[in-house]
Amino acid sequence: MALTGVKVIEFAGLAPGPFAGLILADNGASVIRIDKPSSSSNDLLCRNKRSLAINPKVPSGLQILKKMISSADVLVDPFRPGVMERLGLGPEVFLGGNGQKGLNEKLIYARMIGFPRTGPQKSMAGHDINYLALSGILSMLPGTSDRPGFPINLLADFAGGGMSCALGIILALLDRGRTNKGQIVDADMVSGARYVSSFPLIDVQRDPPRSFGQERGHNLLDGGSPFYNVYPCKDGGHVSIGCLEPQFFKNFVELFNKSLSAEFKSAFGWIPTPETQFVLDEWPKLRQYIEKGFLTKSRDEWGKIFHETDACVVPVLKPNEASALLGSNIPVPHPTISGSDRIDTSQTTLQSGKHTKEILQEYGLGERECKILLQDGAIAKL
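Everything quoted here is computed from the prediction, not taken from an experiment. (Residues numbered from 1 in each chain as written. Predicted model: local features only at pLDDT ≥ 70, side-chain atom pairs only at ≥ 80, totals over all residues. Heavy atoms only, no water.)

### Here we look at the nonpolar core
Within soluble globular proteins, side chains that are nonpolar tend to cluster in buried spots. For the record, the criterion: To qualify as a nonpolar core, a set must consist of buried Ala, Val, Leu, Ile, Met, Phe, Trp, Tyr and Cys residues joined through side-chain atoms within 4.5 Å. Only protein chains enter the calculation, and the probe is 1.4 Å; a residue is then buried if its accessible area is under 20% of its type maximum, exposed if over 50%, and partly exposed in between. A run of DSSP states H or I qualifies as a helix once it reaches four residues; a run of E qualifies as a strand once it reaches two. Both are numbered from the N-terminal end. What makes two residues a contact is simply this: any of their non-hydrogen atoms within 4.5 Å.
Judged by nonpolar contacts, the single largest core of 39 residues is most densely connected at Val-8, Val-74 and Ile-169. Looking at this core, the elements that each hand over two or more residues are helix 1 (16-26), strand 4 (74-77), strand 5 (108-113), helix 5 (128-135), helix 6 (155-179), strand 8 (183-188) and helix 7 (189-196). Here the element with the most residues in this core is helix 6; it accounts for eight residues. Leave out the neighbours within four places in its chain, and Val-74 touches Val-6, Lys-7, Val-8, Ile-9, Leu-24, Leu-107, Ile-108, Ile-169 and Leu-173. Counting 29 residues, the second-largest nonpolar core is a separate cluster that includes Leu-52, Met-68, Met-84 and Cys-370.

Shown next, in the form of structure tokens:
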């Protein structure tokens, strides 16, 4: 696999840090998660990782971690700025600086935080919704006239956070192959969310904007257009429609009209044509026609009607339905790379400290040294 042989030390954290580690592990890296002794873990992003529970605030525990990081390729730091430095594990310890030699100058030191390091919020607590708020994207998301809606914690935590961090790590590893030097990867979720939102943020700078820039709910992709939206069906299910291009809208409207009863069309008193698509004055009527039309059949009936057509209409699947369709209850690594081994996706939990003894032995500690760590309180059990 692409990252076979790459050794990663991941300090336990919340969603984005573990997701970055998961991406590395899924592609062959050996990932050791550093947990607190006697801690429990509800981390779901632990596939193909091992856990060492050790206390870096105890001198003997700190020495072991320094030894491990000194031979690692990557360190993932999920904490607020300054935490690793106070522990004695800051990047300068390993990468050096100011004329001082580091313990591991080939290390890729990846730091994952919420707010930009140079901003006034750099030491504040926050979550996905707060990072979106500062990115400028939250104000552009669909919602009601008085407030934007917000997605579950995907855009900042996972796309702008964990995935961006993993990309930075891989780029730094590639660069190390050229320079033979490690470096710091700085990832923050505000900047990451902005980067993955480049299209809408650049669009609003145009004069005039093409897809955004209008009042919320009046833009092409935020629910403003009747042909890019979600509609309820007769059975309570939903369908998604996204026929933006004229040729796709033509396919949609012709098949949709054909699938509605003569009684419905007669009662409505108006039938859209392909030319209706960009007649803005008719959008309210078109939206009402589409909404009422979809309510005449169940989600699955509409799914069959539009199956394998270029109308850009598909049913909104629930998680268990999507799992059955795609053949896996757990999302599998993506993208796929030809020649890579298939990985076991069955592991969904990782007991804190499960591999403590095994990992310590790998780093040359015998029974005597392990007992000293127990006595010191650096580890809770073996």
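### Observations regarding the sheet that holds strand 3 (residues 49-53)
As a reminder, the rule being used: Strands were regarded as paired on the criterion that DSSP finds at least two bridges between them. For helices, the axis comes from a line fit to the C-alpha atoms of the stretch in contact; other axes are also lines fit to C-alpha atoms, and the angle between any two N-to-C directions lies between 0 and 180 degrees.
One open sheet accounts for six strands, arranged 3-2-1-4-5-8; its pairing is parallel. Looking at the sheet topology across the chains shown, the edges are occupied by strand 3 and strand 8. Pairs of neighbouring strands in the sheet enclose a mean axial angle of 20°, with direction left out of account.

### Looking at the sheet that holds strand 9 (residues 228-232)
Strands pair in a sheet through their backbones, by hydrogen bonds, and they do so in one of two ways: parallel or antiparallel. In space, the three strands of this open sheet follow the order 9-10-11, with antiparallel pairing throughout. The sheet terminates laterally at strand 9 and strand 11 (313-315), the two strands that pair on one side only. Neighbour-to-neighbour, the strand axes of the sheet open up by a mean angle of 20°, direction not taken into account. The sheet contact formed by strand 9 and strand 10 (residues 238-242) spans five bridges and is antiparallel. Paired with Tyr-228 across the bridge in strand 10 is Gly-242.

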